[in-house]
Amino acid sequence: SVSAPQPCRITETLSLGERIKLKTGIDMTALGNAVHACMATGFTDPNAIFDETRVARILDGFGLAGAIAPTELVRQIRAIETWVTARWPDCRRHAEMPIESILANGQILQGRIDLLLEVPDGWVVLDYKANPAPRDRWSEVAAEHSGQLTHYADAMERATGRSVTETWVVLPVSGGAVRVAISK
């Protein structure tokens, strides 16, 4: 669900873990899909074994065997999980939450919120991007996805009557996260 960028402010940028090394010529669409699958697996069941073997199987399923080191992706997912736990300690996590809404222009939005956190005062929306951009471009990458974040936040607020308190673009390949304050 790609949308045109919307007015927004970048209010926080932080490093998470370390940048993942990519082989040249990697299929970035396959990488994005594989990273999403690994992140969903890592955040869905805290009791499931999530290790390099599982990540290697997922990468292989997307035709990416050898394209990135499974240990690096596991390390990144653990760094993101540690950050989520520290920043929102009492949240309920909903991975790959389906969302559907009618936009102001009459179009139907159908998508999946990568990680939706239920916090005491509302919701936090986290959207993953496998973009390997360097840190000096993270704000630009995040702003490019402000339209998607805006639509997701609006849909959650209308569906639940609870506010979205924060929206983030998480960059597991680049090793960072960017908080995007969307204009309403």
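This is a predicted model, so every value here is computed, not measured. (Residues numbered from 1 in each chain as written. Predicted model: local features only at pLDDT ≥ 70, side-chain atom pairs only at ≥ 80, totals over all residues. Heavy atoms only, no water.)

1. Quick notes on the side chain of threonine 150
For clarity, the threshold we go by: To qualify as a helix, a DSSP run of H or I must reach at least 4 residues; to qualify as a strand, a run of E must reach at least 2; elements of each kind are numbered from the N terminus. Residue exposure (1.4 Å probe, protein chains only): buried if accessible area is under 20% of the type maximum, exposed if over 50%, otherwise partly exposed. Two residues form a contact once any of their heavy atoms are found within 4.5 Å.
Relative to the helices and strands, threonine 150 is located in helix α5 (residues 146-160). According to the relative accessible area criterion, threonine 150 is buried, its value standing at 17%. The residues contacting threonine 150, other than those within four sequence positions of it, are Gln6 and Ile182.

2. Considering the packing of helix α2 (residues 52-61) against helix α3 (residues 70-87)
The condition that has to hold: Angles here are taken between N-to-C directions and fall from 0 to 180 degrees, while the axes themselves are lines fitted to C-alpha atoms, restricted in helices to the stretch in contact. These descriptions rest on fixed angle ranges, namely under 35 degrees for roughly parallel, over 145 for roughly antiparallel, 65 to 115 for roughly perpendicular, and the rest for oblique. Should the near helix be turned anticlockwise from the far one by less than a right angle, the crossing is termed left-handed; should it be turned clockwise, right-handed. All residues other than Ala, Val, Leu, Ile, Met, Phe, Trp, Tyr, Cys, Pro, Asp, Glu, Lys and Arg, Gly among them, are scored as polar; the first ten of these are nonpolar and the last four charged.
Between α2 and α3, the least distance of the axes is 9 Å, while the angle of their chain directions is 110 degrees. When the interaxial angle is binned, α2 and α3 end up roughly perpendicular. As for the relative orientation of α2 and α3, their crossing is right-handed in sense. The segment α2 lies against α3, with Glu52, Val55, Ala56 and Leu59 engaging Pro70, Thr71, Leu73 and Val74. Each residue belonging to the contact of α2 with α3 can be placed in one class, and the counts come to six nonpolar, one polar and one charged.

3. Re the nonpolar core
Note the following rule: Throughout this description, the term nonpolar core refers to a set of buried Ala, Val, Leu, Ile, Met, Phe, Trp, Tyr and Cys residues connected via side-chain atoms within 4.5 Å.
Ranked by size, the top nonpolar core spans 37 residues in total, and within it Leu73, Trp83, Val84, Trp88, Leu117, Leu126 and Trp168 carry the most contacts. Those elements giving two or more residues to this core turn out to be α1 (28-44), α2, α3, β3 (108-119), β4 (122-128) and β5 (164-171). For this core, the element with the most residues is α1, which contributes seven residues. Those residues within four positions of leucine 73 in sequence are excluded, and the remaining contacts are Ile20, Val35, Cys38, Val55, Leu59 and Ile68. Of all hydrophobic cores here, the second largest spans 22 residues; its members include Leu103, Leu109, Trp123 and Tyr152.

4. A closer look at the pattern of salt bridges
Note the following rule: Each salt bridge in this description consists of a side-chain nitrogen of Lys or Arg and a carboxyl oxygen of Asp or Glu lying within 4 Å of one another.
A full pass over the atoms with the stated rule returns eleven salt bridges. One salt bridge connects arginine 87 with glutamate 12, and the closest N-O pair in it is separated by 2.9 Å. Placement of the pair is arginine 87 in helix α3 and glutamate 12 in strand β1 (residues 8-15), with a sequence separation of 75 residues. Residue glutamate 118 pairs with arginine 92 through a salt bridge whose shortest N-O separation is 3.5 Å. Residue glutamate 118 is located in strand β3, and its partner arginine 92 is located in strand β2 (residues 92-102); the two are separated by 26 residues in the primary sequence. Overlapping salt bridges bring together Glu12, Arg87, Glu166 and Arg179 as one network.

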